[in-house]
Amino acid sequence: MGSRTLLLVLGLHFTLLGNIEARDCGLGFIAKGSQQCVDIDECKEWDSTPPCGSNATCYNTRGSFYCQCQHGFRSTTSLKFTPFAGECKDLNECLENQPVCGSNTICLNTIGSFNCQCQPGFRVSTYAEHCADIDECNEIAGICGVGGDCQNQKGSYSCLCHPGYSNYDNKQAQCLVLTCDQFKANETPGQTVPGLAGLLSLMRNSCLALSNSGDAAGGRLTGEVLLENVFTEMDGLLSHAILNHSREVSGLLGTVEDAMRFIGPQLRDTHTTMETDHTATELAVRRGQTPPTGPISLANDNARLDTTWETATGNGTYPGFALAGLVSYKKVEKSVNNSFQYLTDTDTDTATATASKPSYQISSKVVTAFVSNPATDHLTQPVILTFKHLQVRAESMEMNYTCVFWSEGRVHEEGGAWSRSGCTKVTSNATHTVCSCSHLSSFAVLMALYPVQNTFELRLLTWLGLSLSVVCLLLCILTFWLCRSIQGTRTTIHLHLCVCLFIADLVFLSGISHTQSKGGCGFVAGLLHLFFLGSFSWMLLEGVQLYRMVVLVFNTTIRPLYLHAVGYGLPLAIVIISAVTYPDGYGTTQHCWLSLERGFIWSFFGPVCTIIILNAFFFIITVWRLAQKFSSLNPDLSNLRKIKVFTVTAVAQLCVLGTMWIFGVFQFQEEGTVVMTYLFTILNSLQGALLFIMHCLLNKTVREEYCKLLSCICTPQKKRYSEVSTTNPSSSQSQGSRSAENTGESQI
């Protein structure tokens, strides 16, 4: 135990003694043997990670070392430093007091160094190491264009434009010709567009002022002020709703597009938005020595334009600026909702399960999209236009959306119309439609409405119903004509009412769908117009007759001449005036009926509505006077009850025909649906049967005449003779008195 402890103490002693001797070498030295201390080269000890970093040089000293920054770097403390006391930072030679690159140069600092480049308009001289001015006027042919003179300046140049040319105050841009005559009003009689004179005058004067100004900008309107003045003029023009012809629409759209191309380069801001009561406009402008690149997106509440700056500049000479714009018109769609003559049923861009030619109506606001590139008839990259629908409605079998542009007329007098050429529909939902077009112009989205197809069931229902109606009307005509016991003014009115409906139903049954011949279809439409109006005219006469019966009491008979003048003369006059005013209004592509264009359908619905209102007035007065007579002290109950029955049947008759044409309004409109078609067909088929029931079967006198006729046909001849021979004089006298009573009843 003791020997082990002694050995442990001795080992510890010698270890401590050796450490004391090594520590005596000092910092930066290392002991070599027991008596020698050798310097440590700290700069070589860390070959993988230099102690001074990558931007400094390490220098060893006896017992230590120091760091010194390399060229292009500067110490944060002193010239010589240690890693614990400082570091090297990049020296920005470009910010030193003494210029390192000389004049007409640009200094570009780099890590540990710098580069010198010549300023724009200068280049390194071949004979000396400095930047010399470039004479752009001599080196670049036609730099200012044919309409400008180039003046070289130190490091730059400027273009002075001749009269009639302008670079829109961009002195390094080419001088472009100003075609101020495009804003000159057409002085040819009958070809001027009313209301555009003020706008054209404003633009022409501004163009001439810019053309003659040269370098001086004084006295000219700025781009912003001119833009505001233009849309103020447009608001005044559109507020008067004078765009009554497609030629006027073409004039307005073309003038606005030319005006925006003229104003755009004069705007100071790169993005300009302006909204008025009738327009919403967004313009984007880019200027520079090189053409801009990248996407463009312009939008307002009604439409959005997506294109590129490459499309805006085009492939021609870059004039020093690029422009793109979108103008949305808030009310112009009402003026162009009938200009569809360039549309055909063979160039549709949608697959609709119908072979019928559709009708169209505007489903979006009209917009004008334009760029500074003048060659936009065939774009290499199509533009994308997104439209918001005027009403929320999804596509269906009866309706789809189509993209169109405004095509100016082939001759000036023709105006313009909508066309699909170059535009396709990308996608569509209930609220928006996206269009792709390979050219620029004014655009819109149309709603193509396809007529309800005449299915076998509908055709069968029409044939059966109208055949029944024709048979019943024929029975009514024979009854009113041959039954002497009911002859009178009212019977005459009913006779001609049934004649009109009989002819109208025959024409409807045989020719309503024969649209192949335009002339024949127009003739069918004219006959339907005449005889359907005639039926309502005779109903008007019935209302007048009831009014006279209650109010006048005596002398209620109307002369036949007056009856025929109103019953046939009034409808004939309306048809003649309508045919002279708009002969193309008779016959459409779907039905041989009145056209919806230019409101021509109201040549029928207008008189019909008027007659219904007048008859309603007569019936109200009649019922009121009847109530007064029933409440009197000595009412003539027999006559009053008859007038009451007449009034009830007349009101029922008006309700049947009036209700039929309420559904007829929807049947012949673009929004016609299957339900409206069936309701119209059913009521049109039942009107003859209802008239036969009301005026014949429910009339006691007529029923008795029918019974007599049937008895004569069905009873054998011998029996009839025996009945006549056994009849006593008293019965004959009673029958005669009853016949006289019925005749007097019918005269009321």
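Above this text you will find the structure in question.
Here the structure is a predicted model, which means the values were calculated and not measured.

A.B. asks: Give me the lowdown on the overall build of the protein chain, citing residues and values where you can.
C.D. replies: A count of helices and strands for the protein chain gives 17 helices and 28 strands. Classification of the 748 residues of the protein chain by burial places 43% in the buried group. Long-range pairs, those at least 24 residues apart, make up 62% of the contacts in the protein chain between residues at least 6 apart in sequence. Carbon and sulfur atoms provide 59% of the accessible area of the protein chain, an area that totals close to 39,400 Å².

A.B. asks: Account for the nonpolar core, with residues named and values stated.
C.D. replies: One finds L528, W593 and F604 to be the most contacted residues of the largest nonpolar core, which totals 55 residues. Of all the secondary-structure elements, those providing two or more residues to this core are α8 (456–482), α9 (489–511), α10 (518–551), α11 (560–581), α12 (602–630) and α14 (674–697). Considering each element in turn, this core owes the most residues, 13 residues, to α10. In terms of nonpolar packing, the next biggest core, distinct from the first, is built from 49 residues, L238, F321, L343 and F370 among them.

A.B. asks: Explain the sheet that holds strand β18 (residues 295–299) residue by residue, including any values.
C.D. replies: Taking strand neighbours across the sheet as the criterion, the 5 strands line up as β18-β19-β23-β27-β26 in an open arrangement whose pairing is antiparallel. Edge positions in the sheet fall to β18 and β26 (423–428), since each has one partner strand and no second. Mean inter-strand twist for the sheet, computed between neighbouring axes without regard to direction, equals 20 degrees. Inspection of the sheet shows β18 paired to strand β19 (residues 303–308) by 5 bridges, in the antiparallel sense. Looking across to β19, one finds that A299 is bridged to R304.

A.B. asks: How would you sum up the packing of helix α5 (residues 223–239) against helix α6 (residues 246–263)? Please name residues and give values.
C.D. replies: Direction vectors running N to C along α5 and α6 enclose 170 degrees, while the axes themselves pass 10 Å from each other. When the interaxial angle is binned, α5 and α6 end up roughly antiparallel. In this structure, α5 uses G223, L226, L227, V230, F231, M234, L237 and L238 to contact α6, whose residues at the interface are L252, V256, M260, F262 and I263. For the contact of α5 with α6, the per-class residue count stands at 12 nonpolar, 1 polar and no charged.

A.B. asks: Tell me about the pattern of salt bridges, residues and numbers included.
C.D. replies: Enumeration according to the criterion identifies 11 salt bridges in this entry. Between E275 and K330 there is a salt bridge, with its nearest N and O atoms 2.9 Å apart. Highlighted residues: E275 in strand β16 (residues 271–275) and K330 in the loop between β20 (321–329) and β21 (359–362), separated in sequence by 55 residues. For the salt bridge of D306 with R304, the shortest nitrogen-to-oxygen distance reads 3.0 Å. Given the relative accessible area of 36%, R304 is considered partly exposed.

A.B. asks: A description of the pairing of strand β4 (residues 64–69) should follow, citing residues and the corresponding values.
C.D. replies: Across 6 bridges, strand β3 (residues 56–61) lies against β4 in antiparallel orientation. In the strand pairing of β4, T57 is matched with Q68. In textbook terms, the turn of a hairpin is the stretch between consecutive antiparallel strands, and for β3 and β4 this stretch comprises 2 residues, one of which, G63, has a positive phi near 80 degrees. The pairing of β4 with strand β6 (residues 80–81) spans 2 bridges and is antiparallel. Each residue of the ladder has a partner; that of C67, found in β6, is F81.

A.B. asks: I'd like to hear about a nonpolar patch on the surface, residue by residue, with values.
C.D. replies: The grouping of I682, L686, L690, I693, L697 and L698 at the surface amounts to a nonpolar patch, some 460 Å² of accessible area in total. Among the secondary structure elements, L686 is positioned in helix α14.

A.B. asks: Account for the packing of aromatic side chains, naming residues and giving values.
C.D. replies: The final tally for this structure, using the stated rule, is 12 aromatic pairs. Linked through ring pairs, F532, W593, W602, F604 and F605 together constitute an aromatic cluster.

A.B. asks: Tell me what's going on with the packing of α9 against α11, and back it up with residues and numbers.
C.D. replies: Where α9 contacts α11, the two axes come as close as 12 Å, and the packing angle between them is 25 degrees. As judged from the angle between their axes, α9 and α11 are roughly parallel. The handedness of the crossing between α9 and α11 is right-handed. Residue-level contacts link T489, T492, I493, H496, V499 and C500 of α9 to L563, H564 and Y568 of α11. Of the residues contributing to the contact of α9 with α11, the split by class is 5 nonpolar, 4 polar and no charged.

A.B. asks: Summarise unusual backbone geometry; cite the residues concerned and give the values.
C.D. replies: With phi around 60 degrees, N104 is a residue other than glycine that occupies positive phi space. Secondary-structure assignment places N104 in the loop between β7 (88–90) and β8 (105–110). Taking relative accessible area as the criterion, N104 reaches 17% and is therefore assigned buried.

Conventions we followed
- Residues numbered from 1 in each chain as written.
- Predicted model: local features only at pLDDT ≥ 70, side-chain atom pairs only at ≥ 80, totals over all residues.
- Heavy atoms only, no water.
- Helix = DSSP H or I, 4+ residues; strand = E, 2+ residues; numbered from the N terminus.
- Buried < 20%, exposed > 50% of the residue type's maximum accessible area, 1.4 Å probe, protein only.
- Contact = heavy atoms within 4.5 Å.
- Areas by Shrake-Rupley, 256 points an atom, 1.4 Å probe, with all protein chains shown as cover.
- Core = buried A, V, L, I, M, F, W, Y, C linked by side-chain atoms within 4.5 Å.
- Pairing = 2+ DSSP bridges.
- Axes fitted to C-alpha atoms, helices over the stretch in contact; angles between N-to-C directions.
- Parallel < 35°, antiparallel > 145°, perpendicular 65-115°, else oblique.
- Nonpolar A, V, L, I, M, F, W, Y, C, P; charged D, E, K, R; others polar.
- Salt bridge = Lys/Arg side-chain N within 4 Å of Asp/Glu carboxyl O.
- Patch = residues over 30% accessible without salt bridge, like charges linked within 9 Å, V, L, I, M, F, W, Y side chains within 5 Å.
- Phe/Tyr/Trp six-rings, centres within 6.5 Å; stacked < 30°, edge-to-face > 60°.
- Left-handed = near helix turned anticlockwise from the far one by under 90°.

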